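Structural overview for review
The primary structure of each chain is shown beneath.
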Amino acid sequence: MTMTTPKPAKPRPWLEPGELEPIERRAVALVASCRSAHGCGPTWRELSMALGMTAAESKAPSFGARLQWLRRGGWLTFDASPRSLALGPTALAYLGRRP
């Protein structure tokens, strides 16, 4: 019997809703709510505070890494501009909205 090495899974450009942790789902919902109410996204600090994090936690690398993960998964988009947090293509498709 010969053993074959399994092929690595191809990376997907999206994350299924079930793959998001509760805090990640809340972050996406808060960004959508802020955009809807104010026409712009929250700052990272506003988002972290709304998620119940302390100011120190909002500056932690793990918070930035979580937002990067949501961006790679297509749930959020942002750039270096203030208040640029917005729903990504995956979130828009999941909600039945157009980009």
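All of the points below concern the structure found in this document. A quick note: this is a predicted structure, and the numbers were derived from the prediction, not measured. (Residues numbered from 1 in each chain as written. Predicted model: local features only at pLDDT ≥ 70, side-chain atom pairs only at ≥ 80, totals over all residues. Heavy atoms only, no water.)

The end-to-end C-alpha distance of helix α4 (residues 61-72) is 16 Å, a good match for the 16 Å that 12 residues give at a rise of 1.5 Å each. Every buried residue of α4 is accounted for by Phe63, Gly64, Leu67 and Leu70. Projected down its long axis, α4 shows its buried positions confined to an angular sector of 120 degrees, all on one face. Those residues of α4 that are exposed and aimed more than 90 degrees away from the buried face are Pro61, Ser62 and Arg72. The secondary structure elements touched by the buried residues of α4 are α1 (22-38), α2 (44-50), α3 (55-58) and β1 (76-77). Glycine 74, located one to two residues past α4, shows a positive phi value of around 85 degrees. (Helix = DSSP H or I, 4+ residues; strand = E, 2+ residues; numbered from the N terminus. Expected span 1.5 Å × (residues − 1). Buried < 20%, exposed > 50% of the residue type's maximum accessible area, 1.4 Å probe, protein only. Arc of directions from axis to C-beta. Contact = heavy atoms within 4.5 Å.)

All right, on to the packing of aromatic side chains then. One pass over the structure, following the stated rule, counts three aromatic pairs. On the basis of an interplanar angle of 90 degrees and a centroid distance of 5.2 Å, the ring pair of tryptophan 44 and phenylalanine 78 is categorised as edge-to-face. Taken together, the positions of tryptophan 44 in helix α2 and phenylalanine 78 in the loop between β1 and β2 (86-87) put the pair 34 residues apart, joining distant regions of the chain. Joined through ring pairs, the aromatic side chains of Trp44, Phe63 and Phe78 make up one cluster. (Phe/Tyr/Trp six-rings, centres within 6.5 Å; stacked < 30°, edge-to-face > 60°.)

With respect to the helices and strands, serine 58 occurs in helix α3. Among the polar contacts made by the side chain of serine 58, one reaches the main-chain carbonyl oxygen of alanine 55 at a distance of 2.7 Å. If near-sequence neighbours (up to four positions away) are discounted, serine 58 is found in contact with Arg45, Ser48 and Phe63. (Polar contact = N/O pair within 3.5 Å; in protein donor to acceptor, adjacent residues only side chain to side chain.)

Now for the nonpolar core. Val28, Leu47, Leu67, Leu70 and Leu76 are the most contacted members of the largest nonpolar core, which has 18 residues in total. Elements supplying a minimum of two residues to this core: α1, α4 and α5 (89-94). Per element, the largest residue contribution to this core is four residues, and it comes from α1. Apart from residues no more than four positions distant in its own chain, leucine 47 is found in contact with Ala27, Leu30, Val31, Pro42, Phe63, Leu67 and Leu85. (Core = buried A, V, L, I, M, F, W, Y, C linked by side-chain atoms within 4.5 Å.)

Any functional reading would require information that these geometric values do not contain.
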